[in-house]
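What the coordinates show
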Amino acid sequence: MMLALEMYRSPAKYLAAKAVGGRIPGILTGPAAPLRLVTINEPKAEREGWARIRPILSGICGSDLGMVTGSTKLYFSAMVSMPFVPGHEIVGELLDDCEDLPKGTRVVMDSVLTCAARGVEPCQGCATGNTNRCDRITVGHVAPGLQTGFCQDTGGGWGNVMVAHRSQLYAVPDGMSDERAVLTEPLACAVHTALRAKVEPGQSILVSGAGAVGLFATLALRELTQAGRITVVAKHAKQRELARAFGASDVVAPDEVFRGVRRSTGAFRLKPELAKEFLLGGVDIAVDAVGSKDSIDTVLRVTKAGGRVVLSGMPASGADLSPVWFRELELTGTYASAREESNDQPAFETALELAAKAPLDGIVGARYPLYRWREAIDHAHSAGRLGTVKVAFDVRAS
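Residues numbered from 1 in each chain as written. Predicted model: local features only at pLDDT ≥ 70, side-chain atom pairs only at ≥ 80, totals over all residues. Heavy atoms only, no water.

Describing the sheet that holds strand β13 (residues 283-288)
For clarity, the threshold we go by: A pair of strands is treated as paired once DSSP finds two or more bridges between them. Only runs of H or I of at least four residues qualify as helices and only runs of E of at least two qualify as strands under DSSP, and these elements are numbered from the N terminus. Angular values range over 0 to 180 degrees, each being the angle between N-to-C directions of two axes fitted as lines to C-alpha atoms, with helices fitted over their stretch in contact.
Pairing within the open sheet is parallel, and its 6 strands lie in the order β10-β9-β8-β13-β14-β15. Two strands lie at the open edges of the sheet, namely β10 (250-252) and β15 (330-333), each paired on one side alone. Across the sheet, the axes of successive neighbouring strands diverge by a mean angle of 20 degrees, strand direction being ignored. Sheet topology places strand β9 (residues 230-233) next to β10; 3 bridges connect them, and they run parallel. Directly across from T231, in β10, lies its bridge partner D250.

Structure follows, in structure tokens:
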């Protein structure tokens, strides 16, 4: 038996969180929370290539908050199996030998449950190394789940024990702290975002959002591409400080975006009747790292004709797509990370290199035991305002 936070199906609580969660954040960890702290059976590693892991630290990410707040789209409901233990940003210790990885190895995990993990013939995505595009995430000998942390059979990082397949695991280098290692998964997503942006030398970039997604995207863009000016949209003082440390050329507040981009690119600013302003001209590439309607509207309206807009945050509904048509914008999505990236190595390997050298001390700004999960979720929900980038569960203390 083990202690774990479990996400369970409750249509009533989902609707309650969706209706009032944004206005009354405290309700998300109170009566409307579809989470519960439970004692359940440990998941089993009964098939070849699978092993048990004891999580050490497990991060709370935007998709985790989305499921608690009811903002995650029902589109994803067919790709999860409930109840499940959340948590896909993990550093943990192997409790069993796993092929070439001996028991006791510290590991991080690529959370996508691909064909290799499910024991089925590789789909086209997996066969070409685009493992984040796997078409088999609901079949095989594992319950449906687009990722570990959204699958009934695997457990997740918000519990004392979980299981993972060898294809998901990467050994943590000796000397790397747990606080850095737990950032590998979101860093790998940022690596994928930076490479999907297809930046040409000297191109100008706008990154909208300076939470973990936006900050790590900024870091990866600066480290892995020959980008020119990178402008980051940041709301809070700590976010502005970190954006510059991670490679931003300019940092602007949300209400300064149009003025800042116009000034740096020489674009023309237009104001339609009863509608939001936009630019003729603008940045070569824009990365949306928020996913809100306002953020998506903004990046579409400040990208020059023929430019590229990269959606890195889970997108909301209601954005005006007129600029995509009128300015012939290229719209690119980024989800998770791939085993074969355009720099010829897995995103996780590149992420581990970044985790070792980037200025990440203090990025994990708060750690909570599982039994303080209500405080942890509240903190993560208000992380930017509180000057925190990443909140994590310290599972060892649970």
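Notes on the packing of helix α6 (residues 184-196) against helix α12 (residues 347-357)
To keep it simple, the criterion reads: Any angle from 65 to 115 degrees is called roughly perpendicular, while one under 35 is roughly parallel, one over 145 is roughly antiparallel, and all others are oblique. In this scheme the crossing of two helices becomes right-handed for a clockwise turn of the near helix relative to the far one and left-handed for an anticlockwise turn of less than a right angle. The contact criterion used throughout is that any non-hydrogen atoms of two residues lie within 4.5 Å. Gly is put with the polar residues, along with every residue not named as nonpolar or charged; the nonpolar set is Ala, Val, Leu, Ile, Met, Phe, Trp, Tyr, Cys and Pro, and the charged set is Asp, Glu, Lys and Arg.
Closest axis-to-axis distance for the α6/α12 pair is 8 Å, and the angle between their directions is 115 degrees. On the basis of their axis angle, the class for α6 and α12 is roughly perpendicular. Here the hand of the crossing between α6 and α12 comes out right-handed. Judged by residue contacts, T184, E185, L187, A188 and V191 of α6 engage A347, F348, T350, A351, L352, L354 and A355 from α12. Class assignment of the residues belonging to the contact of α6 with α12 gives a composition of 9 nonpolar, 2 polar and 1 charged.

Structural notes on the pairing of β9
The side chains of a regular strand alternate, first on one face of the sheet and then on the other. Let me state the cut-off plainly: Note on exposure labels: buried denotes an accessible area under 20% of the residue type's maximum, exposed denotes more than 50%, and partly exposed covers the range between, all computed with a 1.4 Å probe on protein chains only. Handedness of a crossover: with both strands directed away from the viewer, a clockwise path from the first strand across the helix to the second marks it as right-handed.
The side-chain alternation of β9 yields two buried faces, one formed by I230 and V232 and the other by T231 and V233. With 4 bridges connecting them, strand β8 (residues 205-208) and β9 associate as parallel partners. Within the sheet, the bridge partner assigned to V207 lies in β9 and is V232. Running through helix α7 (residues 212-224), the crossover from β8 to the neighbouring parallel element β9 is right-handed. For the handedness criterion, the β-α-β arrangement of β9, helix α8 (residues 237-245) and β10 is classed as right-handed.

Focus: the UniProt feature "domain: Alcohol dehydrogenase-like C-terminal" (unreviewed entry) in the protein
Basically, it comes down to this: UniProt positions are given in the numbering used here, feature names are shortened, and annotations may be inferred rather than shown by experiment.
Under the present numbering, the feature "domain: Alcohol dehydrogenase-like C-terminal" (unreviewed entry) in UniProt falls on residues 212-353. Split by type, residues 212-353 is 37% helix and 23% strand. Its first and last C-alpha atoms lie 18 Å apart.

Some points on the side chain of D64
Inclusion rule: Charge assignment: positive for Lys and Arg, negative for Asp and Glu; neither His nor the chain ends contribute. By definition, a salt bridge exists where a carboxyl oxygen of Asp or Glu is found within 4 Å of a side-chain nitrogen of Lys or Arg.
Positionally, D64 belongs in helix α2 (residues 62-69). Of the side chains with opposite charge, K390 lies nearest to the buried D64, which makes no salt bridge, at 6.9 Å. Filtering out sequence-adjacent residues up to four positions away, D64 remains in contact with G59, P86, G87, H88, F150 and W158.

Notes on the pattern of salt bridges
Here the structure, examined in full by the defined rule, presents 19 salt bridges. K357 is the partner of E223 in a salt bridge, and the nearest nitrogen-oxygen pair spans 3.7 Å. Residue E223 is found in helix α7, and its partner K357 is found in helix α12; the two are separated by 134 residues along the sequence. The exposure class assigned to E223 is partly exposed, which follows from its relative accessible area of 41%. The exposure class assigned to K357 is exposed, which follows from its relative accessible area of 58%. The shortest N-O distance in the salt bridge between E277 and R269 comes to 2.3 Å. Residue classification places E277 among the buried positions, given a relative accessible area of 18%. Taken together, the salt bridges that share partners define one network made up of R106, D178, D394 and R396.

Looking at the nonpolar core
Spelled out, the test is: Note on terminology: a nonpolar core comprises buried Ala, Val, Leu, Ile, Met, Phe, Trp, Tyr and Cys residues joined through side-chain atoms within 4.5 Å.
Residues I205, F216, L221 and L360 are the most contacted members of the largest nonpolar core, which totals 51 residues. Those elements that provide at least two residues to this core are β3 (50-59), α6, β8, α7, β9, α8, β13 and α12. The contacts of L221, once residues within four sequence positions are left out, are A194, A197, V199, I205, V207, A227, I230 and V287. Counting residues in each nonpolar core, the second largest holds 37 residues, with L65, V80, I137 and I377 among its members.

Topic: the packing of α6 against α7
Interhelical geometry of α6 versus α7 gives an angle of 55 degrees and a closest axis separation of 8 Å. As the angle between them shows, α6 and α7 are arranged oblique. The crossing of α6 and α7 is right-handed. The residues of α7 that touch α6, namely those facing P186, L187, A190, V191, T193 and A194, are F216, A217, L219, A220, L221 and L224. Residue classes in the contact of α6 with α7 are distributed as 11 nonpolar, 1 polar and no charged.

Here's the deal with the UniProt feature "domain: Alcohol dehydrogenase-like N-terminal" (unreviewed entry) in the protein
UniProt tags residues 48-174 as "domain: Alcohol dehydrogenase-like N-terminal" (unreviewed entry). Measuring from the first to the last C-alpha atom of residues 48-174 gives 27 Å, for a span that is 13% helix and 20% strand.

Quick look at α8
Note the following rule: This arc is taken over the directions from the axis of the helix to the C-beta atoms.
Considered for burial, the residues of α8 that qualify are Q239, L242 and A243. Here the buried residues of α8 occupy an arc of 105 degrees about the axis, which is enough to place them on one side. Each element contacted by the buried residues of α8 is listed here: α7, β9 and β10.

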